Amino acid sequence: MPAKQAARYDAAEFLECDADIVTYLNAAIEDGDSGLASAALGDIARARDMAQLAKEAGITRDGLHTALSQTGSPSFTTIQ
C-alpha cells in the first residue's frame, strides 16, 4: 500500500475576516516566540494580498515576503 501524503496546511487560507486575523495574531504574540509572531504576520500578509500590502507600505513585494518569511528577521521599522 502506498504511503499517504498529508496536505500542506496554510493558515492564510483560513484568515477570512478581521476578527480571524486579530485572534490569530494575538495568539501568536501571546506565545512569546518572535519567530511565530513573524510567521503569523507573513500568513496575514498572504491572506490580505502581499503585493498590495507591499505597495501600500512603500516596499517591494519581494522585500516584504523576505522580511516576513520563516527565515526573515523583520525590524520593527519594517513591521510598522
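One can find the structure itself at the top, above this paragraph.
Residues numbered from 1 in each chain as written. Predicted model: local features only at pLDDT ≥ 70, side-chain atom pairs only at ≥ 80, totals over all residues. Heavy atoms only, no water.

A. Structural context of the pattern of salt bridges. Throughout the structure, instances matching the rule amount to four salt bridges. For Asp 10, the salt bridge identified is with Arg 46, shortest N-O distance 2.3 Å. Of this pair, Asp 10 sits in the segment before α1 (18-30) while Arg 46 sits in helix α2 (residues 34-47), and the two are 36 residues apart along the sequence. By relative accessible area, Asp 10 is classed as buried at 16%. Close ionic contact of Asp 43 with Arg 46 constitutes a salt bridge, the shortest N to O distance being 3.1 Å. (Salt bridge = Lys/Arg side-chain N within 4 Å of Asp/Glu carboxyl O. Helix = DSSP H or I, 4+ residues; strand = E, 2+ residues; numbered from the N terminus. Buried < 20%, exposed > 50% of the residue type's maximum accessible area, 1.4 Å probe, protein only.)

B. Focus on the packing of α1 against α2. Where α1 meets α2, the closest approach of the two axes is 8 Å, and the angle between their N-to-C directions is 165°. Our classification of the angle between α1 and α2 gives roughly antiparallel. Seen along the crossing, α1 lies across α2 with a hand that is right-handed. Residues Ile 21, Tyr 24, Leu 25, Ala 28 and Ile 29 of α1 lie in contact with α2, whose contacting residues are Leu 36, Ala 37, Ala 40, Leu 41, Asp 43 and Ile 44. Across the contact of α1 with α2, the residue classes tally to ten nonpolar, no polar and one charged. (Axes fitted to C-alpha atoms, helices over the stretch in contact; angles between N-to-C directions. Parallel < 35°, antiparallel > 145°, perpendicular 65-115°, else oblique. Left-handed = near helix turned anticlockwise from the far one by under 90°. Contact = heavy atoms within 4.5 Å. Nonpolar A, V, L, I, M, F, W, Y, C, P; charged D, E, K, R; others polar.)

By themselves, these observations are geometric and do not establish any function.
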